[in-house]
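Descriptive structure summary
Below, each chain spelled out in residue letters.
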Amino acid sequence: MKLEEIIKPLLSWYEENKRDLPWRREPTPYHVWVSEIMLQQTRVEAVKGYYERFLTALPQIEDLAACPENKLLKLWEGLGYYNRVKNMQKAAKEIVLKYGGELPADYEEILELPGIGSYTAGAISSIAYGLKKPAVDGNVLRVLSRITENGEDILKQSVKRRVEQELEAVMPADRPGAFNQSLMELGAVVCIPNGMAKCQVCPVQHLCSARAHGTVLEYPKKAAKKQRRIEEKTVLLIQNGQEYAVCRRPDKGLLAGLYEFPNMDGWLTEEEVIRAVEALKLMPLHIKNAGEAKHIFSHVEWHMKGYVVRVASTEKRAGNLLFIDKKESKGKYPIPSAFSAYRKYIEED
């Protein structure tokens, strides 16, 4: 099988079956960029609302470049992986400075921007500018590993580079964006990652070696992932009337610069929590268990135990606590989704 044989059936299938997604309706360079960054590590259905809200608030690259950080992080709240949007703003500032507020129509120049790798650069170049550049993500690697029955580890950069080179050599010069999207779409809805692929509706089933040999579930090959580190934490939902306490995380590292509920390493007992709150020069009046929760990051898991602590009003406070009003704080203080299980406690009247 020659790789170019997949082009015609794939494009025909894509035109007839592609999903109606908001970023496909007006694929400007900025729109493609925003959608592709959001879609990293996030499901399509979840992204739709965020995408439209983001572009309503920041319709142009200049708006993204000038956006206050708190507002920007609040717009991203719930999508996670906040470095993505921080790098977007860095890139936006560079685009305004160097390219007059328009993404350059050059693959190499796009690739040099902060937070943009070969996949995103390829997507912008091909979809928005019609340049013959591949956009190879996990969906594309999975599809091609099954079609060719290639047993190489798709997590290796050398494998990704080889696939990029092979696709660039055969992709149609007149429809590079549609071709890239057809491969992505096939991987997203037909040649799916979990469970058996829907081979019966695949437009290239007659060209697929894995289907012919009954080995679809054996591909793609991936090296075993390292086990995630588990960290136990105690989350404190400290309330003083209509105010609740937050603190800002360091500017570098996990969830950098975001606001969070005060928390401590390890699982504390009620007595230990009371002593910890007193150490902050606060007077605990009432404490109740807020239950357990878990949040999974790429390399670490937080296993959390929460407590609601009502405190007496006081002007003497230790540490970096910030008490904010429940009603006035809405939209101002981005709290990561890692703490979503505990938000309901501070939203209660």
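Everything that follows concerns the structure shown earlier in this document.
Right, let's walk through the structure included here. Counting of residues starts from 1 at the beginning of each chain's written sequence and follows it residue by residue. Given that this is a predicted model, residues contribute local features only at a pLDDT of at least 70 and side-chain atom pairs are listed and counted only at 80 or more, while totals for whole chains, interfaces and linings are drawn from all residues. Think of the side-chain values as coming from all heavy atoms in the structure, minus any hydrogens and water.

1. Here's the deal with unusual backbone geometry
A cis amide bond, omega 5°, links Tyr219 with the succeeding residue Pro220. Helix numbering and strand numbering both begin at the N terminus, where a helix is a DSSP run of H or I of at least 4 residues and a strand a DSSP run of E of at least 2. Examined against the element boundaries, Pro220 turns out to sit in the loop between helix H13 (209-213) and strand E1 (229-240). In this structure, Glu149 takes a positive phi of about 55° despite not being glycine. If you trace the backbone, Glu149 turns up in the loop between helix H10 (138-148) and helix H11 (157-170).

2. Some thoughts on the pattern of salt bridges
Put simply, a salt bridge is a Lys or Arg side-chain nitrogen that is within 4 Å of an Asp or Glu carboxyl oxygen. Inspection of the entire model under this criterion finds 18 salt bridges. Note that Glu168 and Lys133 form a salt bridge whose closest N and O atoms lie 3.2 Å from each other. Here Glu168 is found in helix H11, whereas its partner Lys133 is found in the loop between helix H9 (118-129) and H10, with 35 residues between them in sequence. Each of the salt bridges in this network shares a partner with another, and the network as a whole consists of Glu15, Lys18 and Arg175.

3. Focus on the packing of H9 against helix H12 (residues 176-189)
Fitting a line to C-alpha atoms yields each axis, with helices limited to the stretch in contact; the angle taken between N-to-C directions then spans 0 to 180 degrees. Remark: H9 packs on H12, axes separated minimally by 7 Å, with the N-to-C direction vectors making an angle of 130°. It follows from the interaxial angle that H9 and H12 lie oblique. For the pair H9 and H12, the sense of crossing is left-handed. Of the residues in H12, those in contact with Tyr119, Gly122, Ser126 and Ile127 of H9 are Pro176, Gly177, Asn180, Gln181 and Met184. For this classification, under 35 degrees means roughly parallel, over 145 means roughly antiparallel, 65 to 115 means roughly perpendicular, and everything else is oblique. Note: crossing handedness is left-handed where the near helix turns anticlockwise from the far helix by less than a right angle, and right-handed where it turns clockwise. The contact criterion used is simple: two residues touch if any of their non-hydrogen atoms lie within 4.5 Å.

4. So, the state of the cysteines
Disulfide assignment relies on a single distance test, namely cysteine sulfur atoms paired within 2.5 Å. Taken as a whole and assessed by the stated rule, the structure comprises zero disulfides. For the unlinked cysteine Cys191, the closest cysteine sulfur is that of Cys202, found at 6.4 Å.

5. A word on the packing of aromatic side chains
The rule is short: rings of Phe, Tyr and Trp, with Trp giving its six-membered ring, pair when the centres are within 6.5 Å, and they are stacked under 30 degrees, edge-to-face over 60, tilted in between. Under the defined criterion, the tally for this structure stands at eight aromatic pairs. Centre to centre, the rings of Trp302 and Phe339 are 5.7 Å apart; their planes meet at 55°, and the pair counts as tilted. One end of the pair, Trp302, is in strand E6 (residues 300-311); the other, Phe339, is in the loop between strand E7 (322-325) and helix H15 (340-347), and 37 residues separate them in sequence. Think of it in three bands: with a 1.4 Å probe and only protein chains considered, a residue is buried below 20% of the maximum accessible area for its type, exposed above 50%, and partly exposed in between. The class of Trp302 is buried, set by a relative accessible area of 1%. Judged by relative accessible area, Phe339 falls into the buried class, the value being 0%. A network of ring pairs unites the aromatic residues Tyr244, Phe261, Phe297, Trp302 and Phe339 as a single cluster. Against the face of Tyr107 rests Lys133, its NZ or CZ located 4.7 Å from the ring centre. In this structure, Lys233 is placed above the aromatic ring of Trp302, and the distance from its NZ or CZ to the ring centre is 5.0 Å. Comment: the charge-over-ring label is applied if NZ (Lys) or CZ (Arg) is within 6 Å of the ring centre and within 35 degrees of the ring normal.

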